[in-house]
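Now for the letters of each chain:
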Amino acid sequence: MFATYDMLGLTGIIYLRKGCVYMKYLTMNNGLTIPILGTGTNTFGKENGSFNGKITYDTKELRSAIELGYRSIDTAIYYRNEAVIGKAVKESNIDRSEFFITSKIPTDKEYIETNELVQHHVEQSLNAIDLDYIDLYLIHFPHESNEENLRVWRILETFVEKGLIKSIGVSNFKEDQLSYLIKHAKIKPVLNQFQSYPGKHQQSLIDFCKANDIIPEAYQSFAKLDAKTKDILIEMAKSYKKTWSQIILNYQVNEGLVVIPKSHNKQHQFENIDIFDFELTKKDRETIKHMN
Ligand SMILES: NC(=O)c1ccc[n+]([C@@H]2O[C@H](COP(=O)([O-])OP(=O)(O)OC[C@H]3O[C@@H](n4cnc5c(N)ncnc54)[C@H](OP(=O)(O)O)[C@@H]3O)[C@@H](O)[C@H]2O)c1
């Protein structure tokens, strides 16, 4: 299974070759690594593949993703499918240590009003996923109060100290919210997950994260793309014999973003992981960067 292990001389970037799939890993500010590409799951294991659908515990989308080489899986309390993720990992019979599981706690009152509630919901995540530990746990979106974010953060820190969560980070945080946390936290956030796609890269947030040694992670790389932008990408993709979706993901990972595309379709899942064997020209990278 494990064929080569190359350091390519790029700081913090490791390429692993497992079976026939290349995966690139980034080193986080705590020394642990994260696959640069994972799968989103917010509609997986649900009736009609719909976000609000009843949980079916069907692992078919995860099974095909894992077969194709995906090892990083992004879930959240909000998605209600943490147990489906744990079930799929166990069914795979692949060593737990090969996986990288992310979950998230929301900051709505019902989840964080008291320290006991935060503690309870993190424990619920650990129990639902049921894989001994969680690799990365995020505050799903910022509370309007920085002090409240910090209070939740301090509880997450205790889970890291206990070894039940390996790394902690945030999602949908802006520069000022990150700055506050960096200033007051014992453990620095390793990553910020936010919406990023051609047309809305959030370049200044990407730059801020990188300058502070926090990995930027893009969600919804595809979902909000407008038709005109997509047409330009379809045209651009032809010369690489790739698809518009592969162009986006290749661009994002080349920019140092972790990506978590989601698909219910095996062919799309394959396309989305088959992005490491070509290089966009500087001109095309610039075109994508300036798409607004
Ligand atoms: N932190 C947050 O606040 C937050 C918010 C939103 C999402 N997320 C996370 O980010 C993940 C990704 O976001 P998302 O699921 O909303 O959207 P997405 O990954 O940007 O896009 C999913 C859509 O793209 C289509 N698609 C996927 N691959 C394709 C391909 N190769 N060719 C053509 N179409 C393709 C899918 O359809 P098919 O199924 O037909 O392929 C689906 O309609 C989520 O699942 C979730 O884990 C986090």
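*Asks:* Even after reading the chapter, I still don't get the overall build of the chain, so can you show me in this structure?
*Replies:* Broken down by element type, the chain carries 11 helices and 12 strands. What you see for the chain is a C-alpha radius of gyration of 18 Å, in line with the 19 Å of a compact globule of 292 residues. By principal-axis analysis of the C-alpha atoms, the chain measures approximately 55 × 40 × 40 Å. The contacts in the chain between residues at least 6 apart in sequence include a share of 67% that link residues at least 24 apart. Accessible surface, the chain as shown: approximately 13,200 Å² in total, 50% of it carbon and sulfur.

*Asks:* Would you mind showing me how to read helix H5 (residues 146-161) here?
*Replies:* An α-helical segment advances 3.6 residues per turn. Residues three or four places apart therefore align on the same side. The terminal C-alpha atoms of H5, which comprises 16 residues, lie 22 Å apart, in line with the 22 Å expected from a rise of 1.5 Å per residue. When H5 is considered as a whole, its buried residues turn out to be Asn 149, Leu 150, Arg 151, Val 152, Trp 153, Ile 155, Leu 156, Glu 157 and Phe 159. Lining the buried residues of H5 we find strand E7 (100-105), helix H3 (109-112), helix H4 (115-129), strand E8 (134-139), strand E9 (165-171) and helix H6 (175-184). One or two residues past the end of H5 sits Gly 163, with phi positive at roughly 80°.

*Asks:* I tried to follow the nonpolar core on my own but got confused; where do I start?
*Replies:* In summary, soluble globular proteins display a tendency toward joint burial of nonpolar side chains. Within the largest apolar cluster, 43 residues are counted, with the highest numbers of intra-cluster contacts made by Ile 73, Ile 101, Ile 105, Val 122, Tyr 137, Trp 153 and Leu 178. The contact partners of Ile 101, leaving out residues within four places of it in the chain, are Ile 73, Ile 85, Val 89, Arg 96, Ile 129, Leu 131, Ile 134, Asp 135 and Leu 136. Residues Leu 26, Ile 34, Phe 222 and Leu 225 belong to the second largest nonpolar core, which totals 37 residues.

*Asks:* It is not clear to me how the site of the ligand should be interpreted in this structure. Could you clarify?
*Replies:* Near the ligand there are 26 residues, and of these Asp 74, Gln 193, Ser 263, His 264 and His 268 occur at the shortest range. Taking Tyr 79, its side chain carries an N or O atom lying 3.3 Å from a nitrogen atom of the ligand. Within the backbone of His 264, a nitrogen or oxygen atom sits 2.8 Å from an oxygen atom of the ligand. With the chains in place, 81% of the 910 Å² that the ligand exposes on its own is no longer accessible. Structurally, the ligand is housed in the largest pocket. Here the shell around the ligand is composed, by residue class, of 7 nonpolar, 15 polar and 4 charged.

*Asks:* For this particular structure, what's the right way to read the pattern of salt bridges?
*Replies:* Side chains that carry opposite charge are capable of pairing whenever their charged atoms lie near each other. Taken as a whole, this structure holds 14 salt bridges when the rule is applied. Close ionic contact of Glu 91 with Lys 87 constitutes a salt bridge, the shortest N to O distance being 3.3 Å. One end of the pair, Glu 91, and the other, Lys 87, are both in helix H2 (residues 82-92), 4 residues apart, so they sit about a helical turn from each other. With a relative accessible area of 32%, Lys 87 lands in the partly exposed category. One salt bridge connects Lys 238 with Glu 235, and the closest N-O pair in it is separated by 3.0 Å. Here Lys 238 pairs with Glu 235, and both are found in helix H8 (residues 227-238), just 3 residues apart, close to one helical turn. The structure contains a network of salt bridges with shared partners spanning Lys 242, Asp 274 and Asp 277.

*Asks:* How should I be thinking about the packing of H2 against H4 in this particular structure?
*Replies:* Angle between the axes and distance between the axes are the two parameters that describe a pair of packed helices. Running from N to C, H2 and H4 cross one another at 35°; their axes reach a closest spacing of 7 Å. Contacts between H2 and H4 pair Glu 82, Ala 83, Gly 86 and Lys 90 from the former with Ser 125, Ala 128 and Ile 129 from the latter. Along the lines of polarity and charge, the residues of the contact of H2 with H4 split into 3 nonpolar, 2 polar and 2 charged.

*Asks:* Explanation requested: the pairing of E8 in the structure shown.
*Replies:* Remember that side chains alternate between the two faces of the sheet whenever the strand is regular. The buried fraction of E8 amounts to 6 of the 6 residues, a majority that puts the element mostly inside the structure. Relative to E9, E8 runs parallel, the two being bridged by 5 bridges. Paired with Ile 134 across the bridge in E9 is Ile 165. As a crossover connection, the stretch from E8 through H5 into E9 is right-handed.

Rules used in this analysis
Residues numbered from 1 in each chain as written. Predicted model: local features only at pLDDT ≥ 70, side-chain atom pairs only at ≥ 80, totals over all residues. Heavy atoms only, no water. Helix = DSSP H or I, 4+ residues; strand = E, 2+ residues; numbered from the N terminus. Rg over C-alpha atoms; globule rule 2.2 N^0.38 Å. Contact = heavy atoms within 4.5 Å. Areas by Shrake-Rupley, 256 points an atom, 1.4 Å probe, with all protein chains shown as cover. Expected span 1.5 Å × (residues − 1). Buried < 20%, exposed > 50% of the residue type's maximum accessible area, 1.4 Å probe, protein only. Core = buried A, V, L, I, M, F, W, Y, C linked by side-chain atoms within 4.5 Å. Near = heavy atom within 4 Å. Polar contact = N/O pair within 3.5 Å; in protein donor to acceptor, adjacent residues only side chain to side chain. 1 Å grid on protein atoms, 1.4 Å probe; cavity = no way out; pocket = protein on both sides within 12 Å on 5 of 7 lines; lining within 4 Å. Sits in = over half its atoms within 2 Å of the grid points. Nonpolar A, V, L, I, M, F, W, Y, C, P; charged D, E, K, R; others polar. Salt bridge = Lys/Arg side-chain N within 4 Å of Asp/Glu carboxyl O. Axes fitted to C-alpha atoms, helices over the stretch in contact; angles between N-to-C directions. Pairing = 2+ DSSP bridges. Right-handed = clockwise from strand over helix to strand, strands pointing away.

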